[in-house]
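So the chains spell out like this:
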Amino acid sequence: MTDKEKLLEKYSAKVYKNRKEHIVQLEETCETQSIAANTRAIPGVMTARGCCYAGCKGVVVGPLKDVCVITHGPIGCGFYSWGTRRNKAKPDEHTDKNFVPYCFSTDMQEPDIVFGGEKKLEKAIDEAMEIFDPKCIMICSTCPIGLIGDDVQAVARRAEEKYGIKAIGYSCEGYKGVSQSGGHHIANNGIMRYVIGTGDEAPKTKFSVNILGEYNIGGDGWEEERILKRCGIEVLNLFTGDASFESLKSAHLAHLNLVMCHRSINYIAEMMKTKYGIDWLKVNFIGVGATCKTLREIAKYFDDPDLTDRVEAVIADELSLIAEDMEYYKSRLSGKTAGIFSGGSRSHHYQVLLKELGMETVIAGYEFAHRDDYEGRDIIPQIKEDADNKNIESIKVEPDEAFYHQTYSKEQIAQFKEMGVEIDSYGGMIPEMNAGDVVVDDYNHFETDALLDSKKPDIFLSGIKDKYSIQKAGVSSRQIHSYDYSGPYAGFNGAVNFGRDVTMALYTNAWSLVIPPWKHEPMLVGRIGGGY
């Protein structure tokens, strides 16, 4: 019996039929294998997904440091208003404000649900303007707001007229779409429609980039900026970790976009390509080899001998500084196995770093991916839109007469591909995995337990929703979404930090030494027939 069959055997016929296409055990020719994704989770199954609001507020717009992002809804939805992701931010030359540590919510109560909450929202905006004086306000709706019909866009327009600032309303009610992926799309649309292209601050150098899908968890974005700056490459924006409304306004003037998290921000990458002609590269700063490859691809794209020389010098220097540490952690971790379940592209990225540390990834998957995140963008024409996906608006953009600039022709882009530089493309996770590996989309709590039992990974990298149940099963666990208050994990120094934390997790796994009482003594006692 295969691992996939073991995973599915406990399901009822109805659930089996739903889940069997979401689970793939890879064969030798895994490039041709497909997986079901971006469909509704089964009601009642303990999925690890978040909602549409979580994707919009909790992931994309929440890290904007000079924006008051107001959650319009009950305070329970404020879970994603503050304290769930470690988006680091600090004031810079663009702004002297940093609202990331704060939580803004309208705290909708029962009377507000009955009689409407627009006036309460307007009062919240008045208070935010009086206390914080933000340059921009964003309003994120939660489920009850969509049900009672509050018009957050109209409230935003009234706020703009009253205060002369930019105000954006997002109808990102949690029930829209099938997961937080729908919220990413909605957030991308708003930023593209109302923010990007409204500024005029030109780059200071001839090699400037935006890093898309980098949320600066644990300082990842700062480490990437440090490395790129050493190479002579200017980072205009992180989307959206440590980003400001002011800096995003001029993002369209960058020379190149680098995409870290494909799923959360590929919409902006594509729209900026269409509207401004800016090419994008799918990059990975997680892992030593991946970081080196990314830097070299950027240098090839800009095709400048001096930049190429600087990149090689920086790589050599950075490698010399971490070689001893990486060798030590590899000696401690070689032969160990791992499971990775996350969002974005992290399940793909971290397999590279684990391999460098001598570890093998035996199970992997995403919470909210689409098929192209698994199989590559070439299969996008095969994906059929269903009713859920049609709930999310796909805005159309046209080339901007003033700012559109095409750097390379289609023929030149094809030549880059022959050199190994994939422009405006992403090959997906599955083609880089091995035969026998198990890939699971939208994994749930039962499947997590079953995978731990069948594949027996030494460490499981996932999120907070399953971290402690995994640890109590005796398996080491690290949060790959927020790094368990550690990090950064990106770049050369980040690889060392990751190796240190994984080593500590494996060699101080106290839960593996604990035997639950139900393992050796009955918890319930009873009699059959006539007794109690």
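See the structure printed just above.
All of these numbers come straight from a predicted model, not from anything done at the bench.

### Quick notes on the overall build of the chain
Next up, step 1: Counting secondary structure elements, the chain contains 19 helices and 14 strands.
Next up, step 2: Relative to the compact-globule value of 24 Å for 532 residues, the chain shows a C-alpha radius of gyration of 24 Å, a close match.
Next up, step 3: Along the longest, intermediate and shortest principal axes, the C-alpha atoms of the chain span 80 × 65 × 40 Å.
Next up, step 4: Among the 532 residues that make up the chain, the fraction classed as buried is 57%.
Next up, step 5: If you sum the accessible surface of the chain, you get close to 23600 Å²; carbon and sulfur atoms cover 52% of it.
Next up, step 6: A distance of 4 Å separates the average location of the 61 positive side-chain charges in the chain from that of its 78 negative side-chain charges.

### Comments concerning the packing of helix H12 (residues 288-302) against helix H19 (residues 491-507)
Each packed pair of helices is defined by two parameters, the angle between the axes and the distance between the axes.
Next up, step 1: Packing of H12 against H19 brings their axes to within 9 Å, and their N-to-C directions diverge by 170 degrees. For the element pair H12 / H19, the angle class is roughly antiparallel. On H19, the residues touching Val288, Thr291, Cys292 and Leu295 of H12 are Gly491, Phe492 and Ala495.
Next up, step 2: In the contact of H12 with H19, the residues fall into five nonpolar, two polar and no charged.

### Describing helix H7 (residues 152-163)
Next up, step 1: Between its first and last C-alpha atoms H7 spans 16 Å; for 12 residues at 1.5 Å apiece the expected length is 16 Å, and the two agree.
Next up, step 2: Within H7, the full set of buried residues consists of Val152, Ala154, Val155, Ala156 and Ala159.
Next up, step 3: Tucked into the core, H7 has its buried residues touching strand E2 (67-72), helix H5 (118-132), strand E4 (136-141), helix H6 (143-148) and strand E5 (166-170).
Next up, step 4: Put simply, Asp151 is the residue that caps the front of H7, since its side-chain oxygen is 3.3 Å from the backbone nitrogen of Gln153.
Next up, step 5: Looking one or two residues past H7, Gly164 carries a phi angle of roughly 70 degrees, positive in sign.

### Examining the sheet that holds strand E9 (residues 280-282)
Next up, step 1: Strand order in the open sheet made by the four strands is E7-E6-E8-E9, with parallel pairing throughout. The strands lining the two open edges of the sheet, one partner per strand, are strand E7 (234-240) and E9. When the angles between neighbouring strand axes are averaged without regard to direction, this sheet yields 20 degrees.
Next up, step 2: Across three bridges, strand E8 (residues 256-259) lies against E9 in parallel orientation. From the neighbouring strand, Leu258 faces E9, where its bridge partner is Leu281.

### Focus on the packing of helix H3 (residues 52-61) against helix H8 (residues 180-194)
Next up, step 1: Where H3 contacts H8, the axes come no closer than 6 Å and their chain directions differ by 55 degrees. Put simply, H3 runs oblique to H8. Considering the relative orientation of H3 and H8, their crossing is right-handed. Only Gln180, Gly182, Gly183, His184, Ile186, Ala187, Asn188 and Ile191 of H8 make contact with H3, whose side of the interface consists of Cys52, Ala54, Gly55, Cys56, Val59, Val60 and Val61.
Next up, step 2: When the residues that make up the contact of H3 with H8 are grouped by side-chain class, the tally is nine nonpolar, six polar and no charged.

### Regarding the packing of aromatic side chains
Next up, step 1: Scanning the entire structure with this criterion turns up 18 aromatic pairs.
Next up, step 2: Ring centres 5.1 Å apart and planes at 65 degrees place the aromatic pair Tyr102 and Phe132 in the edge-to-face group. Taken together, the positions of Tyr102 in the loop between E2 and strand E3 (104-105) and Phe132 in helix H5 put the pair 30 residues apart, joining distant regions of the chain.
Next up, step 3: Take Tyr102: its relative accessible area is 42%, and that puts it in the partly exposed class.
Next up, step 4: Take Phe132: its relative accessible area is 19%, and that puts it in the buried class.
Next up, step 5: Taking NZ or CZ as reference, Lys282 lies 5.1 Å from the ring centre of Tyr426, over its face.
Next up, step 6: The ring of Tyr507 has Arg332 lying over it, and the distance from NZ or CZ to the ring centre is 4.2 Å.

### A closer look at the side chain of Gln180
Next up, step 1: Of note, Gln180 is situated in helix H8.
Next up, step 2: The class of Gln180 is buried, set by a relative accessible area of 7%.
Next up, step 3: At 3.3 Å, the side chain of Gln180 and the side chain of Glu367 are in polar contact.

What counts as what
Residues numbered from 1 in each chain as written. Predicted model: local features only at pLDDT ≥ 70, side-chain atom pairs only at ≥ 80, totals over all residues. Heavy atoms only, no water. Helix = DSSP H or I, 4+ residues; strand = E, 2+ residues; numbered from the N terminus. Rg over C-alpha atoms; globule rule 2.2 N^0.38 Å. Buried < 20%, exposed > 50% of the residue type's maximum accessible area, 1.4 Å probe, protein only. Areas by Shrake-Rupley, 256 points an atom, 1.4 Å probe, with all protein chains shown as cover. Lys, Arg positive; Asp, Glu negative; His and termini not counted. Charge placed at Lys NZ, Arg CZ, Asp CG, Glu CD. Axes fitted to C-alpha atoms, helices over the stretch in contact; angles between N-to-C directions. Parallel < 35°, antiparallel > 145°, perpendicular 65-115°, else oblique. Contact = heavy atoms within 4.5 Å. Nonpolar A, V, L, I, M, F, W, Y, C, P; charged D, E, K, R; others polar. Expected span 1.5 Å × (residues − 1). Polar contact = N/O pair within 3.5 Å; in protein donor to acceptor, adjacent residues only side chain to side chain. Pairing = 2+ DSSP bridges. Left-handed = near helix turned anticlockwise from the far one by under 90°. Phe/Tyr/Trp six-rings, centres within 6.5 Å; stacked < 30°, edge-to-face > 60°. Lys NZ or Arg CZ within 6 Å of the ring centre and 35° of its normal.

Purely geometric numbers; function is a separate question.
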